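Residue-level structure breakdown
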Amino acid sequence: MKDLLHIIISVIIFCPVLLFIIVYAIGRKVHIRGTHAFGAASDATTICLFFSVPLAIDVLWGVNVGAFLVMLAIMLAIIFTYVDWRTKKEIEVKPLLRKIWRFLFLVLSTAYILICLVGLIQSVVEYLQSV
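So, here's what we can say about the structure. (Residues numbered from 1 in each chain as written. Predicted model: local features only at pLDDT ≥ 70, side-chain atom pairs only at ≥ 80, totals over all residues. Heavy atoms only, no water.)

A word on the side chain of Thr45. Position of Thr45 relative to the elements: it lies in helix H3 (residues 34–61). Within the structure, Thr45 has its side chain in polar contact with the backbone oxygen of Ala41 (distance 2.6 Å). Apart from the residues within four sequence positions on either side, Thr45 is in contact with Pro16, Leu19, Phe20 and Phe105. (Helix = DSSP H or I, 4+ residues; strand = E, 2+ residues; numbered from the N terminus. Polar contact = N/O pair within 3.5 Å; in protein donor to acceptor, adjacent residues only side chain to side chain. Contact = heavy atoms within 4.5 Å.)

See below:
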């Protein structure tokens with residue numbers, strides 16, 4: 001049982017798109033509206049992407065960017081909070097956190113897709129050079 005749980009968590013961390021699809025499908029099955037199901041799926045996937053992106057970079061290039069990613073998330077949160085404070089004068093915490101979290105989803109998803117594409121291209125080039 002412990003090995004099965006370990007395998008499931010490993011697959012989800014290495015392929016966060018799978019987690020997104022599963023959460024979205026479950027949300028639609030439970031009759032959650034499309035936008036809310038998409039939001040729930042993106043929220044769940046963001047947590048996974050925080051582990052996936054640094055792990056993928058470390059596997060491909062041997063560079064540890066975990067601390068940089070945390071600093072980036074904090075800096076984005078500070079910028080979003082400042083902009084929200086300057087435009088609204090009163091900060092509503094829950095919508096602000098949701099905005100930050102969804103923006104991090106977009107940034108991390110883009111980074112993950114680019115890392116996968118670069119890794120794929122790098123593998124193809126290495127293969128073609130060895131042939």
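Quick look at a nonpolar patch on the surface now. Taken together, Ile7, Val11, Leu18, Ile22, Ile26, Val30 and Ile32 make up a surface patch of nonpolar side chains, about 560 Å² in accessible area. If you list the elements that add at least two residues to the nonpolar patch, you get helix H1 (2–14) and helix H2 (16–29). Per-element tally for the nonpolar patch: the top contributor is H2, with 3 residues. Looking at the secondary structure, you find Leu18 in helix H2. (Patch = residues over 30% accessible without salt bridge, like charges linked within 9 Å, V, L, I, M, F, W, Y side chains within 5 Å. Areas by Shrake-Rupley, 256 points an atom, 1.4 Å probe, with all protein chains shown as cover. Salt bridge = Lys/Arg side-chain N within 4 Å of Asp/Glu carboxyl O.)

Let us now look at the packing of helix H4 (residues 66–88) against helix H5 (residues 93–130). Direction vectors running N to C along H4 and H5 enclose 135°, while the axes themselves pass 10 Å from each other. Taken together, the axes of H4 and H5 are oblique relative to one another. The two elements H4 and H5 cross, and the hand of that crossing is right-handed. Side by side, H4 and H5 meet where Leu69, Leu72, Ala73, Leu76, Ala77, Phe80, Thr81, Asp84 and Lys88 of the first sit next to Leu96, Lys99, Ile100, Phe103, Leu104, Val107 and Leu108 of the second. Here the contact of H4 with H5 is composed, by residue class, of 12 nonpolar, 1 polar and 3 charged. (Axes fitted to C-alpha atoms, helices over the stretch in contact; angles between N-to-C directions. Parallel < 35°, antiparallel > 145°, perpendicular 65-115°, else oblique. Left-handed = near helix turned anticlockwise from the far one by under 90°. Nonpolar A, V, L, I, M, F, W, Y, C, P; charged D, E, K, R; others polar.)

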